[in-house]
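# Secondary and tertiary structure notes
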Amino acid sequence: MSTRGSAIFDGGRIVPLLILIAVVLALAGAAEFAPTVVQRRITQGLINLVAVVGLYVFVGNSGVLSFGNVAFMAIGAYVSALLTMPAAAKGVFLPDLPAFLAATEWPGLAGALAGGAAAALVALVAGFPLMRLSGISASIATFAILVVSYVVLGNWTSVTGGQNSLMGLPIYVGLWTAAGWAVAAIVVAFLHQESRSGLLLRASREDEVAAAASGVHMVSHRLAAFVISAFVSGIAGVLLAHFLGTVRVETFYLDLTFLIIAMLVIGGMRSLTGAVAGAIVITLLTELMRLAEIGVTVGDMTIAAPGGLGDALLALLMLLIILFRPNGIAGGREISWPFGPATPTTETQPRKPQ
Amino acid sequence: MMGQAIQVLVDAVSVGGLYALTALGIGLIFGVMRLINFAHAQLIMIAGYAVLLFFAQSAALAVLGAVVGAVLLALLIERTAFRPLRGADPATLLIASFAVSFFIEKTMIMLVGSRPKGVDFLSALARQVEIAGVRLQLLQLVTILVSVVLLVATTWFLKSTRLGLEMRAAAENFRMAEVLGIRANRVIATAFAISGLLAAAVACLFVAQTGLVQPRMGLQLVIIAFVGTVIGGLGSLPGAAFGGFLVGVATILLQALLPPELRVFREAFLFLAVAVVLVVRPQGLIPARGLKERI
C-alpha cells in the first residue's frame, strides 16, 4: 500500500491504537464481573477517559494547556439534557423554557451528537480569534472560556435552571455505552494525530518558528484540533450527565478541570497512550483512596484515612510528576507490543526555550 | 444622590485597592519568573487562617501571624516547587502552579474541613462613620489607606533600593540580569516574599470585611485580580496594579449600574474583556518592556 491515506496501516503505526482499544475493552469486560459499585466507578472512569482524550487532542498536539475543555463538557451536558429530557420533567424544572425546546424529546444518541456539535461550534467561534494567541495567552484565554461558561450557565435560569440541578435526564449510559464512546474517542484522537493536520500541529509544538518557516499555518491546525477536542469533551459531558441523571453547573468547574488535567499530566500529555494511561491509573488510584477513606474495620476499631486525603495526594502526585518525570507515565511515547520491534515514533524530546 | 455617588465611589476605590494589591502580588512573580501563580490564592488563605489562630490574643499578633505565615509559605513553594522548574517552558510552570495551588487547598480541606469559620477580627472598623453628611464604613477607608501605603512602599522598594533595581532588571531580561551578576535565587525569593506580604495584607482586610475564613477564600479574589493582571499587561508591575484597580472599580460600577437581570453575569463580562484585550492588545494597557519572545 502506498497511498497516503493508508500510511497508518504500514510499519505498525496502527499498533498503539489496537492496544489502547484492547485495554479499554478488557477493562470494561473485567468490570462486567465486578460488583455494581465497582462497575459504576469504572463506568465513570471511562467517561473521564473520554474527557481526558478530548483534552489531549488539543493540549497534546498543540502543546498549549487548555483550561476550557470542562466548559465544553458543560455545554455538551446541558444541550443534551435540554434535548432529551422528558417534556414533563422540563415543565417542572424549567417552566420558562422557549416552546420549541420545551416539547423536544430527542433520542439519546441524537442528543449526544448535538451536545458534541454545540461544544464544537462554540470552540470554533471562540477559537477563531483566540487560537492566534501565543502559548500562555492562549491558556489564559481558555481559562476565560471556562469562567464565562460557568457564569452564564449558572445564571441563565430560564434555560439551564441556574444554580439548581436539572433532574430526570434519561439514564442510558452504562458500562458498555461508556466503553463504546471511549473507543470512539480514542479512534478519533488517533486519526487526528496521524492526519496531515495533526502531524503539522505536532511539528509546530516542537518548534513554532521552524514549522512556520516550513510553511505550516499553525493557527488553522490549532483551531481544527481545538474544535475536535471540544467535540470529544462535549461528548464526555453528555455521558456524565446521562450517567448521573442530573446536571449541575458546579460539577463543571475547577475541581473537574483539575482532575482531567491531572490525569493528562500524570499519564503524559505528549502521547495518546499517556492520556489513556493517566485516566485509567488515576481512576484506579482514586478508587483505592476512596476505599481507604471508608477504612477497614478491625474488631471495634475502624482504621480510615482522613477524608480528602485522595485529592491532596492526587495534587501531590501531579506535582511530583512535573518535577521528576515531566513527560508522565508514558514518557511521550505511544505504547507498542511488549516483545516486538519498537513502533516508529514521531516524538522528540521537548527543547527548553532559548 | 450626591452622597450615594460618593458611597459607590469609596466602595469602588476600596475594592479596587484590594484587587490592585492582589494583582500586584501575581504580577511580581510573573515578572521575574513568567509564572502565573495560582497558589497566590493559598497565600491569602493561609494568612486568613493565621488571623483565625491569633485574633483572640490581639489584632497586632494576628496581622503579624498572617504576614509570617504567608511569607513562609511563599518561600516554601518557591524553594520546593518552582526553583527546580526555573527555565522550564511556561506551560509546565502553569501546570505546576495549578498543582501547587490544589495541593495546598486540598491539604487544608483535609486538615481543617471545608466549612467556613467565623472570625471576629477588627469588627470595630466595620461600623459606619459619618463624614460631611456621607455615611461610610471605616474599614473601607482603612482598606484604601493600606492599599495606597503598600503600593507606594512597593514602588519605592522597586525604584530606590538595590534589590528592587535588580528585580526590575530580572523582570526585563532575566538572562541578561544573571549574566551581569544578579543573584537569581535572591531576587526571586524576594519577589515571592513580597508577594506573600501583599497576600497577607489582602487577607487581613478581606477577613475583617467578611468575618469568615475558609479553605477556598482566596480563590475568587485571585481569579478576578488575575483579570486585572492580564488587562494591565502581563509582566508589567504598574500595569498589574492599575489593571487590578480598574477591575475592582469595574465590578462595583457594573454592580451599581447594570440592570439586575444582567448583574449576575458580571464576571462573564470581565472575562470577555480579558479575551478581547488578549486579542486586540495582547501586551495590555501598560505594556511590559522586554517581554517580546525572542527566537
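This part covers the packing of aromatic side chains. Each aromatic ring pair is summarised here by two numbers: the centre-to-centre distance and the angle between the ring planes. The final tally for this structure, using the stated rule, is 14 aromatic pairs over all chains. Judged by centre distance (3.7 Å) and plane angle (10°), the ring pair of A:Tyr150 and A:Tyr253 falls under stacked. Of the two residues, A:Tyr150 is situated in helix 7 (residues 135-155) and A:Tyr253 in the loop between helix 12 (218-244) and helix 13 (254-267); the sequence distance between them amounts to 103 residues. What makes A:Tyr253 buried here is its relative accessible area of 11%. The interplanar angle of 65° and the centroid separation of 5.3 Å between the aromatic rings of B:Phe38 and B:Phe98 together place this pair among those described as edge-to-face. Of this pair, B:Phe38 sits in the loop between helix 1 (2-33) and helix 2 (40-54) while B:Phe98 sits in helix 4 (residues 90-112), placing them 60 residues apart in sequence. For the residue pair B:Phe38 and B:Phe98, the accessibility class agrees, reading buried in each case. Aromatic ring contacts, followed pair by pair, group A:Phe67, A:Phe143, A:Phe258, B:Phe38, B:Phe98, B:Phe102, B:Phe226 and B:Phe271 into a single cluster. Just above the ring of A:Phe128 sits the side chain of A:Arg132; from NZ or CZ to the centre is 5.2 Å.

Our next topic: the environment of B:Tyr49. Residues and elements named next belong to chain B. Mapped onto the secondary structure, Tyr49 falls in helix 2. Its relative accessible area of 8% is what places Tyr49 among the buried residues. In this structure the C-alpha to C-alpha distance between Tyr49 and Gly65, which are 16 residues apart in sequence, comes to 9.1 Å. Setting aside its immediate chain neighbours within four residues, Tyr49 contacts Met108, Val112, Val213, Gln214 and Pro215.

Residue and element names in this part refer to chain B. Here 4 bridges tie strand 2 (residues 128-131) to strand 3 (residues 134-137), and the two strands are oriented antiparallel to one another. Residue pairing in the sheet places Ile131 in a bridge with Val134 of strand 3. If you look at the hairpin formed by strand 2 and strand 3, you'll find 2 residues sitting between the two strands, and Ala132 has a positive phi there, around 50°.

This part takes up the pattern of salt bridges. In a structure, side chains of opposite charge can pair up when their charged atoms sit close to one another. Throughout the structure, instances matching the rule amount to 12 salt bridges over all chains. The partner of A:Arg41 in a salt bridge is A:Glu287, and the shortest N-O contact between them spans 3.6 Å. Here A:Arg41 is found in helix 2 (residues 36-62), whereas its partner A:Glu287 is found in helix 14 (residues 272-294), with 246 residues between them in sequence. The buried category is assigned to A:Glu287, whose relative accessible area is 14%. Linked by salt bridges that have partners in common, A:Asp255, B:Glu105, B:Lys106 and B:Arg216 make up one network.

Residues and elements named next belong to chain A. A cluster of nonpolar side chains, namely Val281, Leu285, Leu288, Leu291, Ile294 and Ile329, defines an oily patch on the protein surface of about 500 Å² accessible area. Within the element layout of this structure, Leu288 appears in helix 14. The exposure class assigned to Leu288 is exposed, which follows from its relative accessible area of 53%.

The subject of this paragraph is the nonpolar core. Among the nonpolar cores identified, the biggest contains 215 residues, and A:Leu46, A:Leu49, A:Phe143 and A:Met318 are the most heavily contacted of them. The greatest single-element share of this core, amounting to 16 residues, is contributed by helix 8 (residues 184-210) of chain B. If near-sequence neighbours (up to four positions away) are discounted, A:Leu46 is found in contact with A:Val24, A:Leu27, A:Ala28, A:Leu175, A:Ala178, A:Ala179 and A:Ala182.

At the interface, 44 residues of chain A touch 43 residues of chain B. A combined buried area of about 3700 Å² lies between chain A and chain B, and 84% of that area is made up of carbon and sulfur atoms. Taken together, chain A and chain B are joined by 2 salt bridges. Ionic pairing is found between B:Arg216 and A:Asp255, a salt bridge with its closest N-O pair at 3.2 Å. Inspection of the region where chain A meets chain B yields 3 residue pairs in polar contact (both at pLDDT 80 or more). At the level of secondary structure, the elements contributing two or more residues to the side of chain A that touches chain B comprise helix 6 (108-130), helix 7, helix 13 and helix 15 (309-324) of chain A. Here the side of chain A that touches chain B takes 12 residues from helix 7 of chain A, the largest share from any one element. Considered class by class, the residues forming the side of chain A that touches chain B number 32 nonpolar, 9 polar and 3 charged.

Analysis parameters
- Residues numbered from 1 in each chain as written.
- Chains lettered and ligands numbered in written order.
- Predicted model: local features only at pLDDT ≥ 70, side-chain atom pairs only at ≥ 80, totals over all residues.
- Heavy atoms only, no water.
- Phe/Tyr/Trp six-rings, centres within 6.5 Å; stacked < 30°, edge-to-face > 60°.
- Helix = DSSP H or I, 4+ residues; strand = E, 2+ residues; numbered from the N terminus.
- Buried < 20%, exposed > 50% of the residue type's maximum accessible area, 1.4 Å probe, protein only.
- Lys NZ or Arg CZ within 6 Å of the ring centre and 35° of its normal.
- Contact = heavy atoms within 4.5 Å.
- Pairing = 2+ DSSP bridges.
- Salt bridge = Lys/Arg side-chain N within 4 Å of Asp/Glu carboxyl O.
- Patch = residues over 30% accessible without salt bridge, like charges linked within 9 Å, V, L, I, M, F, W, Y side chains within 5 Å.
- Areas by Shrake-Rupley, 256 points an atom, 1.4 Å probe, with all protein chains shown as cover.
- Core = buried A, V, L, I, M, F, W, Y, C linked by side-chain atoms within 4.5 Å.
- Buried area = accessible area lost by both parts, 1.4 Å probe.
- Polar contact = N/O pair within 3.5 Å; in protein donor to acceptor, adjacent residues only side chain to side chain.
- Nonpolar A, V, L, I, M, F, W, Y, C, P; charged D, E, K, R; others polar.

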